Amino acid sequence: MDDPTDPTAPRDPRDPFDTGAGSILRQPKSVWATAGASVVAFMGIGLVDPILPSIAKGLDATAGQVSLLFTSYFLITALAMLVTGFVSSRIGGRKTLLLGLALVVVFAGLSGTSGSVGELVGFRAGWGLGNALFVSTALAVIVGAAAGGSAAAILLYESALGLGMACGPLLGALLGDASWRYPFFGTAALMAVGFLCIAAFLKEQPKPARRTSLLDPVKALGHGGLASVAASAFFYNYTFFTVLAFTPFVLDMSPYRSGAVFFAWGLLLAVFSVLVAPRLQRRFGSLKVLGGSLVLLAADVLLLGYGDHTTAVVCTVLSGALIGVNNTVYTELALGVSDAPRPVASAGYNFVRWFAAAAAPYFAPKIEEWTDVHIPFVVAAVTALLGALVVVVRRRALAHEAEESLPRHATEDGVTVFAN
């Protein structure tokens, strides 16, 4: 009988997750513990989606005020990208994961006790710091502990991301139907379980030979190719998070129905990110796939904004497929286009793009107040096209990485790479 953690075990042609060097199904307990906690961490991003209207009603807040739950979360996440490598290169990956999980447990629990939208926004900011420390370190830890090489580890990480993005709205809907507070308590409990699993099963990995400074990610953006990827991803992320944070108010559905919509959205994101995007890249090339997907996303959000309710639901779900493709291609480009160490390049790239994730939830409701409900989606369509335009104009700077036939994901010196 084959050892399930033996990377030399024969490849099973019936297993779509078998990379040839190993499958995500043949991993030690430490990897499964980290991946399981990663699922819950990514659930936190979309958890509040189906309960945004309920939170607004429960705290007597406007859509714009409640959307700040995303803004505070991702603003701290963006700034934390300058800190995560600094921290993990000094205290090690295991301690960084546990620190991040502990912060999430505390601030997710406090979020459920909020008496005002201001308190909730503040607690979400603390949650964002903990989540940034965790998810920005999880991939490096999985790669370091996984059997079968980095390819199987990356596939497992991407699967955890997609599953978490899909299950977050579903959990928010199921618990939020009783009270908008319960999803926060539920997340705190799940992350506490993740903390215990990682503490029990994950051993500390060697620290990197070179410590990362706070300014290294910013200096890495001096490379033209990396700066181009970051600029394009900035515009794309504005579109992405307009869909994620503003659409629930437009759909105006019960938590159950909204959760079902975003669960389907997350499933498409997972499938297209892990299984479809690499095949498209091999056939058409990364730049063509990225440019085409961004144009299709622009068309999709326009239909979402101007169509009837059924059209809006369908377009919301379909956007998950395009977002999944974009996430994978942007990850590959960000990690391979510059000569900086991949963890440093990834931190600089994420530092730029997460600012758009913070901006979109704030500006979309404001734009609706200033104009009407359609214009936020027009702006989102324009930003998607601007992302595609950057790819076209800067294609020479991006061409070297785009010519690679397979996605390149890895870590260096045990420091994290977090690009999705």
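Please clarify how the packing of aromatic side chains should be interpreted in this entry.
Working definition: an aromatic ring pair is given by the centre-to-centre distance plus the angle between the planes. Tallying each qualifying case throughout the model produces 16 aromatic pairs. Centre to centre, the rings of Tyr-73 and Phe-74 are 5.0 Å apart; their planes meet at 80 degrees, and the pair counts as edge-to-face. Residue classification places Tyr-73 among the buried positions, given a relative accessible area of 1%. The positively charged end of Arg-124 is found above the aromatic ring belonging to Trp-127, 4.8 Å away from the centroid. Note that Arg-353 overlies the ring of Trp-354, its terminal NZ or CZ placed 4.6 Å from the centroid.

Would you mind going over the environment of Ser-338 with me for this structure?
Examined against the element boundaries, Ser-338 turns out to sit in the loop between α12 (309–336) and α13 (342–370). Residue classification places Ser-338 among the buried positions, given a relative accessible area of 12%. Sequence separation between Ser-338 and His-223 is 115 residues, and the spatial gap between their C-alpha atoms is 6.4 Å. Residues within four places of Ser-338 in sequence aside, it is in contact with His-223, Leu-226 and Ala-345.

Can you help me understand unusual backbone geometry in this one?
You will see that Asp-60, though not glycine, has its phi angle at about 55 degrees, which is positive. The class for Asp-60 is exposed, based on a relative accessible area of 72%. Despite not being glycine, Asp-252 has its phi angle at roughly 50 degrees, a positive value. Considering the arrangement of structural elements, one finds Asp-252 in the loop between α9 (224–251) and α10 (255–284). With relative accessibility at 61%, the residue Asp-252 sits in the exposed group.

Would you mind showing me how to read the packing of α10 against α12 here?
Think of two packed helices as two axes; the pair is described by the angle between the axes and how far apart they sit. Direction vectors running N to C along α10 and α12 enclose 40 degrees, while the axes themselves pass 7 Å from each other. Regarding the angle of α10 to α12, the classification is oblique. Crossing of α10 against α12: the hand is right-handed. Grouping the constituent residues of the contact of α10 with α12 by class yields 16 nonpolar, eight polar and one charged.

Is there a simple way to think about the environment of Ala-63 in this case?
In this structure, Ala-63 sits in helix α3 (residues 63–91). Placed 299 residues apart in sequence, Ala-63 and Tyr-362 show a C-alpha to C-alpha distance of 9.5 Å. Excluding residues within four positions of it along the chain, Ala-63 makes contact with Phe-249 and Pro-365.

Just to check I follow, could you spell out the nonpolar core for this structure?
Note on soluble globular proteins: their nonpolar side chains tend to be buried together. Of all hydrophobic cores here, the largest spans 114 residues; its most connected members are Ile-55, Phe-74, Phe-134, Phe-184, Ile-198, Phe-241 and Trp-265. Sequence-distant contacts of Phe-134, defined by excluding residues within four places in its chain, comprise Thr-34, Ala-37, Ser-38, Ala-41, Leu-97, Gly-100, Leu-101 and Ile-198.

Calculation rules
- Residues numbered from 1 in each chain as written.
- Predicted model: local features only at pLDDT ≥ 70, side-chain atom pairs only at ≥ 80, totals over all residues.
- Heavy atoms only, no water.
- Phe/Tyr/Trp six-rings, centres within 6.5 Å; stacked < 30°, edge-to-face > 60°.
- Buried < 20%, exposed > 50% of the residue type's maximum accessible area, 1.4 Å probe, protein only.
- Lys NZ or Arg CZ within 6 Å of the ring centre and 35° of its normal.
- Helix = DSSP H or I, 4+ residues; strand = E, 2+ residues; numbered from the N terminus.
- Contact = heavy atoms within 4.5 Å.
- Axes fitted to C-alpha atoms, helices over the stretch in contact; angles between N-to-C directions.
- Parallel < 35°, antiparallel > 145°, perpendicular 65-115°, else oblique.
- Left-handed = near helix turned anticlockwise from the far one by under 90°.
- Nonpolar A, V, L, I, M, F, W, Y, C, P; charged D, E, K, R; others polar.
- Core = buried A, V, L, I, M, F, W, Y, C linked by side-chain atoms within 4.5 Å.

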